[in-house]
Structures are given as structure tokens and as C-alpha cells.
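Take a look at the letters that make up each chain.
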Amino acid sequence: MMKTKKMLLCLLCWLTLGVHAVGGTALAGGSWADDEPPFGEENNLGAVSDPLEPLNRVFYHFNDRLYFWALKPLAQGYSYFIADDIRMCVRDFFRNLGAPVRMVNNLLQGKVEAFGVETARFLVNSTIGMVGLTDPAKSEFGLLPVEEDLGQTLGFYGVGEGIYLCLPFFGPSNLRDAVGLAGDAFLAPSTYVGMSDSGAGIAMESGEKVNAVSLSIGDYEDFKESALDPYVAMRDAYRQNRSKKIRDMVAGGEELYTKAPAEPLPWWQDEEDAVAGAGQAARTAATAPAQEQRAVASVFDNNQFFVEIAAAVSADQAVRTQHQLISMRRDFQVRVYNLGSSRYYGILVPAGATLAEAKREEQQIRAAGFAEARLMQ
Amino acid sequence: MQPRPLLATEAEPVTFIKEGVDQIISILQDQKYAGAAMKTERRNRVYAIVERKFDFREMSMRTLARHWKDRNPTEQDRFTSLFRQVLENTYITKIETYSGERVVFKKHEVQGDKAIVYSDLVRNNVETPVNYKLRNSGGRWAVYDVEVEGVSLVNNYRTQFASILEKENFDGLLVRLEEKVRKGQAD
């Protein structure tokens, strides 16, 4: 139900804006598959380029003092008078104003679906959500914001981070993201408020900042407390976070951790990929059963026999079954294949086997405790 | 790599983490341990759980990276013990500020002897992704890295240690860790 509402909303927004004409796939690019780190390991970001370190450290200390001397006391005073649910509304209001930046950058990266989500969020929250003070798009329709900015867009198209910068007021950045920040300013309402009245523009930015700090007092202190060299820790945290954001690995994009193939096909996967396909399975969950039938049929194009042992199991069950079978008999060629909404587990009978041989294989597998096993060709 | 057969009795990675998180939350909410007098007792109980779930030696190896194998076993043990204390001291204060945040477990993935558990920490209606990376050795899972909002803790410390070791020797690093531990205990 939720899914349908979400889809309808996205569709509505595409249609009203005529974006479907642009064609997202034409813009899509930037494959990260090649340099994915092994499962559970970190991507090597390479050595940092920080020729301005002395200056950056000065600005780091400036921002640090700014936080402790101005931002934090202001935020504490403010939160004393204003209840946290109101501050959350203020946060949502500013967040909603940031929607154009996210919409444009999703579009620039060819992420048409995410663009639809952001557009839908903007429309819903600006109207039913009372000019963005609440977030019904998330609470009612399950639409989560897709954080994108110009720095990420540039990174998506392969622009390197350049030298590290610690900007006064803005904090950690780099050459690419600083350019992005300036570009995104064209879509930020505070820029236009500031054009007619620079004081009001600054007040707006500061208000947003103080409000945000009031909801996360203690985070920066804890971060600083945990570090041996807070400047280096901050620089590294920024690089790691940006690198993963560009590869959509921070929130919602976890499937990228596991090197899932870019396309649903080939659905024949090696043992090692049994888990990797899990994210893929979730993404292609909407595939119709009829399509599955077709896919099953084409498994047997090479006339090989196949003993299906389980149908529609979860990724975890599949891995356990696979391990169980391998521990029983090493020469089983256990394969998992992923057909959209469900996963099948099977054992491939070696090529060239006769029907009688294949039937014996099937009997053996049934005897091993998989009573539902059935031979297919 | 040949997939490792899983034993039926083995806890799933997500259960393994969830169990620890639930135990810690129940200690923090337990009125028995409330109040300043019980602070040490409460901390010790939390540490006991953390030590069952984390592999501090593996974390130390990973943060020191190439510097690890240049050290003798005594130095390695010393480093592991100091690093563990630094982590415990700095994160315990964070844990103690717990005020009803929710931890949502999204999924877990297993590949060979490694697993990643994906969770969200929900505070003020905002989700912070927290991922635990685990390794199975001898049929037991243990966390070797935690990633918060895409920032790996091990990577972050590795960068800091490498930067310190560029300017100072290993003993210098140990001294700095000792100072950090002393300062942390004073809090």
C-alpha cells in the first residue's frame, strides 16, 4: 500500500514536470564497481593532499572556538526556551528549503527515481506539511530524502577531491566541494534573501545553524574527545563520509557494499555471490512471476540437468543451505540464482550426464534431507 | 575462498549485536544502577558486555596497519590494552547519555568469515546509520570495526596514528595514548 502510494507520487511528479522526456539513463554513468573494496574492508582513499594545513588548522581552531564560545551557548539558550518538537519543525522547514538543491543534483546525476522522490517530498511537505514544518512525505508516504549536492555530482562524474580545505564557518571541505557549495548557493533561498537584505540572509543561515546545533549538542564534544588529533580525525572523517556519499553508500545504498552487479542479469551467480545478490533481489522484488518462469526455462538452454532444492528462500537461508550442502559433499556445484522476487537454490549436474545419472543425483539429494528436491532440465 | 559451513548453534551476526545492544540498554535503564554511587558498577557491567562483543586486538592490528608487525608481542599487548581503554573511556560517556534512542536493525550480510550488520540509531526523528563489521574466528563472532555515517572508526584512528607516527616514534604514540586514558578516567 505504502509502496503504491510512493510510486504514484513519484509518477505524478515526473509527469507534471515532464522529466520523463529527459531520459535518466542517457545521463547515467560513473561505475564504481571496479574499485569496490573487498567485503567488510575499507576503500583506500589514498594520501590526503593538504598543502594548506597550517592555514586550515587556524580555521579549524576558529570554528572550534566559534562552536564553544558562540554556537553552543546560543543553542543552549535557545533550546531552554524552545521545546525540542518545535526545533525539529524548524529543522524540517530548513531541510525542505534545501529540496531544490537535492532535486537538481539528483537529476544531474541521472538519478531520476531519486529526483522523483525529492520532488514529491518537496510538493507534499510544502503543502500538506505546512510549508515544510512537518515531514509527512516521510511519516505518511515513506519517502526518505536523497542527499545530493553539487560536490557529490562533480565527484559522481569523476572530479577528484582536490586539496583539503577547512573553511571558516562552513567547516571541513575540499576544492571540489567548495566549488559545489558556491554552485548550490544559486538554489538556496537564503542567497536570495541575502541579496535584498544581507543581514536577513546571514540571520537565516545562523538561525538554521543554531537550531541544528541545539538538536545535536554533545556530538562535536564527543567527537573531539575521542580523537588524539581532532584536526586529522575531522579531515579523515570528512573524506570517508564524502567518498561514501558519492558512491551512495551512507544511507539506503548498503547493497553497494556487497558488489551487487549493476544489472539484474546475469541471474546465474557463483557461490561467492550468493550474499551479494541479496540487495539486488530486494531491488528487483517487483518482477512478475511470469518472468520468472521464462528465466527458469532459459537456465536449461545448455541442456544441463539441474536439481532444484529450495524455492523462494531468503538470502540467509540460501547461504546456510549452500554451506550445508558443501559440507556434505565437496563436489556439489551449488548455485544460487536470483529470479527477481525469489531465490532458488540448486545443484548443477555436470554437463553431459545422462538422464539416469541425473536422476541418481536427485535421489541422493532427497536422501540428504531435501525431500522437495526436483530434477529439472 | 571456500564458504565456511555454519553451525546450527551459532548465533547470527545480527542476533549477536542486538543481544549486546539490548543488554546495555537494559543496564542503562535499570533503576538499580541509577545514581552516582553505582556509576563504577554500571560501567563495569557495560564493559563486560562490550568485551564479549568486540575484538580489540583485531581492531588494534587494523588501526596500526603496517606498524603492527614491526612491534614485539609486549608492545602489541600494551597498545591493544591502551587503545581498548581509550575507546571504552570515550564511548562510555556517549553511551551514558542514552535517553530512549531507538536502535533499528535493518539487515545483515555474511560473506565467508565476515559479516556486516546494518542498523540505524534514531534520535530526534533522524536516522544515523551505524554498521558493525564482524569477523568469525573459531565459531565466534566479534566486531572489528564500526562505521557511523560512512566513517569507519578503524580507518579514522589509523589515519591519526599514521600521522602521529610520521613525527614521533612508537613510544611517543604510547605516551599520547596513556595521557588520553588518564584524562578519560578523570572525567
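Note that the structure is predicted; figures quoted are calculated from it, not measured. (Residues numbered from 1 in each chain as written. Chains lettered and ligands numbered in written order. Predicted model: local features only at pLDDT ≥ 70, side-chain atom pairs only at ≥ 80, totals over all residues. Heavy atoms only, no water.)

## Digging into the overall build of chain B
Stage number 1. What chain B contains, in helices and strands, is six helices and five strands.
Stage number 2. Here chain B, with 187 residues, has 49% of them falling under the buried criterion.
Stage number 3. When contacts within chain B are restricted to residue pairs at least 6 apart in sequence, those whose partners lie at least 24 apart make up 50%.
Stage number 4. Element-wise, carbon and sulfur atoms account for 51% of the exposed surface of chain B, whose accessible area totals about 9200 Å². (Helix = DSSP H or I, 4+ residues; strand = E, 2+ residues; numbered from the N terminus. Buried < 20%, exposed > 50% of the residue type's maximum accessible area, 1.4 Å probe, protein only. Contact = heavy atoms within 4.5 Å. Areas by Shrake-Rupley, 256 points an atom, 1.4 Å probe, with all protein chains shown as cover.)

## Some points on the overall build of chain A
Stage number 1. When you go through chain A residue by residue, the secondary structure sums to 17 helices and seven strands.
Stage number 2. Buried residues in chain A amount to 45% of all 377 residues.
Stage number 3. Taking as baseline every contact in chain A between residues at least 6 positions apart, the subset at least 24 positions apart corresponds to 71%.
Stage number 4. Carbon and sulfur atoms make up 63% of the accessible area of chain A, which totals about 18700 Å².

## Observations regarding the pairing of strand β1 (residues 102–111) of chain B
Residue and element names in this part refer to chain B.
Stage number 1. The sheet contact formed by β1 and strand β2 (residues 114–123) spans nine bridges and is antiparallel. Bridging across to β2, Val-103 finds its partner in Leu-121.
Stage number 2. In this structure, the hairpin formed by β1 and β2 is closed by a connection of two residues, where Gly-112 is found at a positive phi of approximately 60°. (Pairing = 2+ DSSP bridges.)

## So, the nonpolar core
Stage number 1. Counting 29 residues, the largest nonpolar core has Phe-79, Tyr-157, Phe-161, Leu-173 and Leu-177 of chain B as the members making the most contacts within it.
Stage number 2. Elements with a minimum of two residues in this core: α1 (13–29), α2 (39–53), α3 (56–64), α4 (73–96), α5 (153–167) and α6 (170–186) of chain B.
Stage number 3. Filtering out sequence-adjacent residues up to four positions away, Phe-161 of chain B remains in contact with Leu-228 of chain A together with Thr-63, Phe-79, Phe-83, Leu-173 and Leu-177 of chain B. (Core = buried A, V, L, I, M, F, W, Y, C linked by side-chain atoms within 4.5 Å.)

## Section: α5 of chain B
Residues and elements named next belong to chain B.
Stage number 1. Across its 15 residues, α5 extends 22 Å between first and last C-alpha, which sits within 8% of the 21 Å expected from 1.5 Å per residue.
Stage number 2. Inspection of α5 places Leu-153, Val-154, Asn-155, Asn-156, Tyr-157, Gln-160, Phe-161, Ser-163, Ile-164 and Leu-165 among the buried residues, and these make up the whole buried set.
Stage number 3. A side-chain oxygen of the first residue of α5 lies 3.4 Å from the backbone nitrogen of Val-154; this N-cap is Ser-152. (Expected span 1.5 Å × (residues − 1). Polar contact = N/O pair within 3.5 Å; in protein donor to acceptor, adjacent residues only side chain to side chain.)

## What to know about the packing of aromatic side chains
Stage number 1. Under the counting rule described, the total for this entry stands at 16 aromatic pairs over all chains.
Stage number 2. Between Tyr-80 of chain A and Phe-81 of chain A, the ring centres sit 5.2 Å apart and the planes meet at 90°, which makes this aromatic pair edge-to-face.
Stage number 3. Since its relative accessible area comes to 70%, Phe-81 of chain A is described here as exposed.
Stage number 4. Each member of the aromatic cluster is reached from another via a ring pair, and the members are Phe-79, Phe-83, Tyr-157, Phe-161 and Phe-170 of chain B.
Stage number 5. Sitting over the face of the ring of Phe-16 of chain B, Lys-53 of chain B holds its NZ or CZ atom 4.0 Å from the ring centroid. (Phe/Tyr/Trp six-rings, centres within 6.5 Å; stacked < 30°, edge-to-face > 60°. Lys NZ or Arg CZ within 6 Å of the ring centre and 35° of its normal.)

## So, the environment of Gly-180 of chain A
All names here are of chain A.
Stage number 1. With respect to the secondary-structure elements, Gly-180 resides in helix α9 (residues 175–184).
Stage number 2. Measuring from C-alpha to C-alpha, the distance between Gly-180 and Leu-150 comes to 4.4 Å, with 30 residues separating the pair along the chain.
Stage number 3. Residues contacting Gly-180, with those up to four places away along its chain left out, are Leu-150, Gly-151 and Leu-154.

## Some words on the sheet that holds strand β4 (residues 140–148) of chain B
Residues and elements named next belong to chain B.
Stage number 1. Taken in spatial order, the five strands make up an open sheet running β1-β2-β3-β4-β5, and their pairing is antiparallel. One side of each edge strand has no neighbouring strand; the edge strands of this open sheet are β1 and β5 (151–152).
Stage number 2. Packing against the sheet, α3 makes contact with β2, β3 (126–137) and β4, and its axis sits at approximately 45° to β4. (Axes fitted to C-alpha atoms, helices over the stretch in contact; angles between N-to-C directions.)

## Some remarks on the environment of Glu-361 of chain A
Residues and elements named next belong to chain A.
Stage number 1. With respect to the element layout, Glu-361 can be found in helix α17 (residues 355–367).
Stage number 2. You can call Glu-361 buried: its relative accessible area is 13%.
Stage number 3. Expressed as a C-alpha distance, the spacing of Glu-361 and Val-307, which sit 54 residues apart in the sequence, is 7.9 Å.

## What about the pattern of salt bridges?
Stage number 1. On inspection of all chains with the given rule, the structure shows 41 salt bridges over all chains.
Stage number 2. For Arg-45 of chain B, the salt bridge is made with Glu-41 of chain B, and the minimal N-O distance between the two is 2.9 Å. Of this pair, Arg-45 of chain B and Glu-41 of chain B both sit in helix α2, four residues apart, roughly one helical turn.
Stage number 3. Overall, the relative accessible area of 37% leaves Arg-45 of chain B in the partly exposed class.
Stage number 4. Salt bridges here are not isolated pairs; linked through shared partners, they connect Glu-41 of chain A together with Glu-58, Arg-62, Lys-114 and Arg-135 of chain B. (Salt bridge = Lys/Arg side-chain N within 4 Å of Asp/Glu carboxyl O.)

## Comments concerning the confidence of the model for chain B
Residues shown with low pLDDT carry predicted positions that ought not to be read at fine detail.
Stage number 1. Residue-level pLDDT values for chain B average 86, and 94% of them are 70 or greater.
Stage number 2. Here the predicted complex scores 0.70 on pTM and 0.89 on ipTM. (pLDDT = per-residue confidence, 0-100.)

## A short note on the confidence of the model for chain A
All names here are of chain A.
Stage number 1. Taken residue by residue, chain A gives an average pLDDT of 73. The fraction at 70 or more is 63%.
Stage number 2. Of all helices and strands in chain A, the one with the weakest mean pLDDT is helix α2 (residues 24–27) (32), whereas strand β1 (residues 164–167) scores best (95).
Stage number 3. In the predicted structure, residues 10–34 sits below a pLDDT of 50 and forms 29 contacts with residues beyond four places in sequence or in another chain.
Stage number 4. pLDDT under 50 marks residues 252–302. Its contacts with residues more than four places away, or in other chains, come to 98 contacts.

## Things to note about the packing of α3 of chain B against α5 of chain B
Residues and elements named next belong to chain B.
Stage number 1. Packing of α3 against α5 brings their axes to within 7 Å, and their N-to-C directions diverge by 50°. The orientation of α3 with respect to α5, classified from their angle, is oblique. Helix-helix and strand crossings are classified by hand; for α3 and α5 the assignment is right-handed. In this structure, α3 uses Met-59, Arg-62, Thr-63 and Leu-64 to contact α5, whose residues at the interface are Leu-153, Val-154, Tyr-157, Arg-158, Phe-161 and Leu-165.
Stage number 2. In terms of residue class, the contact of α3 with α5 is built from seven nonpolar, one polar and two charged. (Parallel < 35°, antiparallel > 145°, perpendicular 65-115°, else oblique. Left-handed = near helix turned anticlockwise from the far one by under 90°. Nonpolar A, V, L, I, M, F, W, Y, C, P; charged D, E, K, R; others polar.)

## A look at a nonpolar patch on the surface
All names here are of chain A.
Stage number 1. On the surface, a cluster of nonpolar side chains totalling about 580 Å² of accessible area is made up of Val-104, Leu-108, Phe-186, Leu-187, Tyr-192 and Met-195.
Stage number 2. Sorting the residues of the nonpolar patch by element identifies α5 (99–108) and α10 (189–196) as the ones contributing at least two each.
Stage number 3. Relative to the assigned elements, Leu-187 resides in the loop between α9 and α10. (Patch = residues over 30% accessible without salt bridge, like charges linked within 9 Å, V, L, I, M, F, W, Y side chains within 5 Å.)

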